[in-house]
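Each chain, written out:
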Amino acid sequence: YVVYDANSFTYIKSISQLLWWNGQDPEPRWDTSGSHPTWIYYRKDKQLRYVDIADNSDHLVHDFSADFPSYGSSYYTYNGEEGVSSVDSRYWVFMIRNASSPYQAVRLFTYDKTNDQVVASKDITNYTPNNVSMSQSGNYIYVAYDWTGSGGEFDGPHAYTRNLTNPVKICSGIPHASTGYDKQGNEIVFFMDSDYISFTRMDNGQRFNLYYQGDMGWDGSNLLHAPIFGTKKGWGLVSTYSGQNNH
C-alpha cells in the first residue's frame, strides 16, 4: 500500500503496517470523521488498529480478543473487504471467522469506537456473509448473506439496526451495493439485482426499482459501483462498462 498526493498524483510513501498478515487483507479505511485526516484504520487478527501516516506511528484502537475469549488464535475479525464504517468513523461492523477448517464465520458484531465497546453481537454459524457494512449514519448495518431460497433472515442480503435487531431483506443475490439516503432522508441500500438498478429502505425493506438494465443495452450487467454521495439525499452514481460503451 502506498500514498499519493491527490492533487499532483505524486508518490508520498509506502505504508509497511498495511502488509497482508497471515494471508488476511488489512482492509484499510481512511478516517472520515474530519478530525483525523492522516489516520488509516486497518484490521489485524482480532484487532482494529490505525496508522498515522503523518509520522508512520501505529496504534491499537481495540482488541476484540477480550470481548470474545472463546474464539482462539485461529479466529480473526474482518468485514469482507467491501464494508466501511459510519461516515463519522464511530460505528463499525465485523465478522469473526475461523482461519482453520471449517473456515466459517461464527459471529457478527457492531462496535462503538467513541465509547470503546461492542454494542451487540449475533451468532451466524453456518451463514457466512460475503461482506458486512455500516450505513452512513451508523444506525443500520448491511449483511450480504448468500441466497439459499429457504426464506427467512439468512436468505440473501439483509439489513439490521445497529443493535442487530429488526432484519429486513434487501435483495436476493449479492450485488455491488452502497448505502445512502433517498430523497425523503430514509437510509437505503443502492444496488443492481434481478436486472434492475434498485434501492431498498433499511428500516422496512420497501424496494424501489429505478430502471431495467435492458434499457441501457444490457451495459448494466457490468455494474461496478453504485454509491449515493455522502449525505446528499436522493442522488447517486451508476458506473457501468461494456465492450462498446462506458457510462
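Let us look at the structure shown here. (Residues numbered from 1 in each chain as written. Predicted model: local features only at pLDDT ≥ 70, side-chain atom pairs only at ≥ 80, totals over all residues. Heavy atoms only, no water.)

Comments concerning the overall build of the protein
Moving on, step 1. Helices and strands together make up the secondary structure of the protein, namely zero helices and 18 strands.
Moving on, step 2. Relative to a compact globule of 247 residues, whose C-alpha radius of gyration would be 18 Å, the protein shows 19 Å and is just as compact.
Moving on, step 3. Counting only C-alpha atoms, the protein reaches 50 × 50 × 35 Å along its principal axes.
Moving on, step 4. Within the protein, the proportion of its 247 residues that are buried is 45%.
Moving on, step 5. Of the contacts formed within the protein by residues at least 6 apart in sequence, a portion of 39% connects residues at least 24 apart. (Helix = DSSP H or I, 4+ residues; strand = E, 2+ residues; numbered from the N terminus. Rg over C-alpha atoms; globule rule 2.2 N^0.38 Å. Buried < 20%, exposed > 50% of the residue type's maximum accessible area, 1.4 Å probe, protein only. Contact = heavy atoms within 4.5 Å.)

Details of a nonpolar patch on the surface
Moving on, step 1. Together, Val 2, Tyr 4 and Tyr 11 give the surface a local cluster of nonpolar side chains, amounting to about 330 Å² of exposed area.
Moving on, step 2. Tracing the backbone shows Tyr 11 in strand β2 (residues 11–14). (Patch = residues over 30% accessible without salt bridge, like charges linked within 9 Å, V, L, I, M, F, W, Y side chains within 5 Å. Areas by Shrake-Rupley, 256 points an atom, 1.4 Å probe, with all protein chains shown as cover. Salt bridge = Lys/Arg side-chain N within 4 Å of Asp/Glu carboxyl O.)

What to know about the nonpolar core
Moving on, step 1. By size, the foremost hydrophobic cluster in this structure holds 17 residues, and its most contacted members are Met 95, Leu 108, Ile 124, Ile 141, Val 143, Tyr 145 and Tyr 160.
Moving on, step 2. Elements represented by at least two residues in this core include exactly β7 (75–78), β8 (91–98), β9 (105–112), β11 (132–134) and β12 (140–143).
Moving on, step 3. It is β8 that contributes the most residues to this core, three residues altogether.
Moving on, step 4. The contacts of Met 95, once residues within four sequence positions are left out, are Tyr 76, Thr 77, Tyr 78, Asn 79, Gly 80, Ala 105, Arg 107, Leu 108, Ile 124, Pro 129, Asn 131 and Val 132. (Core = buried A, V, L, I, M, F, W, Y, C linked by side-chain atoms within 4.5 Å.)

Some points on the pattern of salt bridges
Moving on, step 1. Within the structure shown, the criterion is met by five salt bridges.
Moving on, step 2. With a closest N to O distance of 2.8 Å, Asp 112 and Arg 90 form a salt bridge. With a gap of 22 residues between them, Asp 112 in strand β9 and Arg 90 in the loop between β7 and β8 connect regions that are remote in the sequence.
Moving on, step 3. Under the relative-accessibility criterion, Arg 90 is labelled partly exposed at 23%.
Moving on, step 4. In this structure, the salt-bridge partner of Arg 207 is Asp 193, at a minimum N-O distance of 3.2 Å. Here Asp 193 lies in strand β16 (residues 187–193) and Arg 207 lies in strand β18 (residues 207–212), a separation of 14 residues in the sequence.
Moving on, step 5. When its relative accessible area of 31% is taken as the criterion, Arg 207 is described as partly exposed.

Some thoughts on the environment of Ile 197
Moving on, step 1. The topology assignment puts Ile 197 in strand β17 (residues 196–201).
Moving on, step 2. Look at Ile 197 and you get buried, because its relative accessible area is 0%.
Moving on, step 3. Spatially, the C-alpha atom of Ile 197 lies 16 Å from that of Lys 183, the residues being 14 residues apart in sequence.

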